[in-house]
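# Examination of the molecular architecture
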Amino acid sequence: MSKFDPYDHLNVLLNKDGTLTRLFDFPTTQATGDKGHLPGQSVVSKDITLNADKKTWIRLYRPSKLPSNDKSVAKLPIIIYFHAGGWIHFSIANTMIHESCNQLSSEIPAIVVSVEYRLAPENKLPAPYYDAVETVLWIKNQLDRVNGEKWLRDYGDFSRCYLYGVSCGGNIAFNSALKLLDRKIEPLRINGIIMNQPLFGGKMRTKSEMRLATDTFFPLPVIDVLWDLALPQGTDRDHRFCNPIADGPYRDKIKNLGRCLVIGFGGDPLVDRQQDFVQMLVKEGVVVEARFDDVGFHGIDVVDSRRAAAIINFIKEFV
C-alpha cells in the first residue's frame, strides 16, 4: 500500500494553496422548472438560491401528483437531503444525485430539499453543518402565507421534517441536528434523522477498518485523506466532527435528538464505527432503528438497484 496514491484514487490534485483541482466532470441534469411536468414524469424540480454569498443553493423536488388542498388530506413529509462525496466531491445537479432525489420524492412520496453545501478543503468543517442549519431555517420561513415557497407551503408537512444524509451527508445530518437543538425552529419539527452509511472516524483503528484496509472503493488511506481535507486545521480524527463517540459537553445534547434510522453494510470499512455509533445513541436514550446487512460495501446502493430500493423501503417505513 506504500505506493498507493489516495489523491489519484479520488481523481483530484492537491494544490499548493490547499485547494483541489477536481479532474473528473460528473454528468449533470437540469431541474425541470416550476412548470416542467411532462407526460409520464412522476417528479418535478426547481433550483432556489439559499445564500448567494456562500454560493449555496437547493434543488426542490415534488411529486407531479399532489395531495388535495383539502385540510383532511395528509400533506407530504419534507426530507432534507445531504449528498455523499467524501466532503470533496459532487453537486446536487449531478445526474446520479438528481435521480436519487427523484426516486425519493416519487416513492416515499415526499417533498425533497437537496442541499448544495460547501465542499472541503476550500470550506472545512463545520461549513456544511451551517449550510444545513441555514436550509432548515429557510424552510421554516416558507410557512409565510404571502411570500412562502408554494411547493413547501401548500404541500409540505412542517411537523414531519427529516434530515437524510448519505455517507458524509449522514455525518452532516447528525451534526446539524445537534446544532438545531439550539435554534428556534417551531412550528417546523425535525421528526427524525436518517443516516445511510454515515461517515465517521477516529484515531484508533477498528477491526473492520483493518480488515478492509485495501477495500477497492473506500481504502483506508483514502478515508484518512478525506478527513485531512475536511477537518479544521490543527485537529485530528478524534475531533467530535469526525468521532461522535469522543467525550465532550455535546454528548449531553444527544438524548434530545429524537428518532434515528442508521443503515449500514458488513463490507464497509466504516461498519464497526456505525455500529458503535448506534450503541452510543441507544446508551444516550435515543430511539434508534438500525438496519445492517452483513453483505454489501460502502456505496453499494449506487450500483445495486435492489439495495437502493430496499433503502427507500426502510425510509418509507421510518417516515
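Residues numbered from 1 in each chain as written. Predicted model: local features only at pLDDT ≥ 70, side-chain atom pairs only at ≥ 80, totals over all residues. Heavy atoms only, no water.

## As for unusual backbone geometry
Under the convention used in this document: Secondary structure is summarised from DSSP: a helix means a run of H or I of at least four residues, a strand means a run of E of at least two, and numbering begins at the N terminus for each.
Of the consecutive residues A120 and P121, the connecting peptide bond is found in the cis state with omega at 0°. Secondary-structure assignment places P121 in the loop between β6 (111-116) and α3 (127-141). Each neighbour pair has its own omega, and for L125 with P126 the value is 15°, a cis peptide bond. Inspection of the secondary structure assignment puts P126 in the loop between β6 and α3.

## Examining the packing of aromatic side chains
The way to describe two aromatic rings as a pair is by their centre distance and the angle between their planes. Formally: Pairing of aromatic rings covers Phe, Tyr and Trp, the last through its six-membered ring, and needs centres within 6.5 Å; plane angles under 30 degrees mean stacked, over 60 mean edge-to-face, and all others mean tilted. Throughout this description, the term charge over a ring refers to an Arg CZ or Lys NZ atom that lies within 6 Å of the ring centre and within 35 degrees of the ring normal.
Per the counting criterion, the structure on display carries ten aromatic pairs. A centroid spacing of 4.7 Å and a plane angle of 70° characterise the contact between F26 and F90, whose relative ring orientation is edge-to-face. Linking F26 in the loop between β2 (20-22) and β3 (43-51) with F90 in the loop between β5 (76-82) and α2 (95-107), this pair joins segments that are 64 residues apart in sequence. Connected via pairs of aromatic rings, a cluster forms that spans F24, F26 and F90. Against the face of W151 rests R62, its NZ or CZ located 4.6 Å from the ring centre.

## Here we look at the pattern of salt bridges
Short version of the rule: A side-chain nitrogen of Lys or Arg and a carboxyl oxygen of Asp or Glu constitute a salt bridge if their distance falls within 4 Å. For the exposure calls, accessible area comes from a 1.4 Å probe over protein chains only, and a residue counts as buried if that area is under 20% of its type's maximum, exposed if over 50%, partly exposed in between.
Scanning all chains against the criterion turns up 18 salt bridges. As a salt-bridge pair, R22 and E122 come within 3.0 Å of each other at their nearest N and O atoms. Taken as a pair, R22 in strand β2 and E122 in the loop between β6 and α3 lie far apart in primary sequence, 100 residues in all. Given the relative accessible area of 27%, R22 is considered partly exposed.

## As for a nonpolar patch on the surface
Threshold: Patches here: salt-bridge-free residues with over 30% relative accessible area, like charges joined within 9 Å, nonpolar side chains (Val, Leu, Ile, Met, Phe, Trp, Tyr) joined within 5 Å. Computed with a 1.4 Å probe, the accessible areas rest on the Shrake-Rupley method; for each residue, only the protein chains presented here act as cover.
A surface patch of nonpolar side chains, amounting to about 370 Å² of accessible area, comprises M96, F297, V302 and V303. Relative to the helices and strands, V302 is located in helix α9 (residues 300-303). By relative accessible area, which is 52% here, V302 ends up exposed.

## A closer look at the UniProt feature "domain: Alpha/beta hydrolase fold-3" (unreviewed entry) in the protein
Keep this limit in mind: UniProt positions are given in the numbering used here, feature names are shortened, and annotations may be inferred rather than shown by experiment.
Following the UniProt record, one finds the feature "domain: Alpha/beta hydrolase fold-3" (unreviewed entry) at residues 79-299. Note that residues 79-299 is 34% helix and 18% strand, and that its end C-alpha atoms are spaced 20 Å apart.

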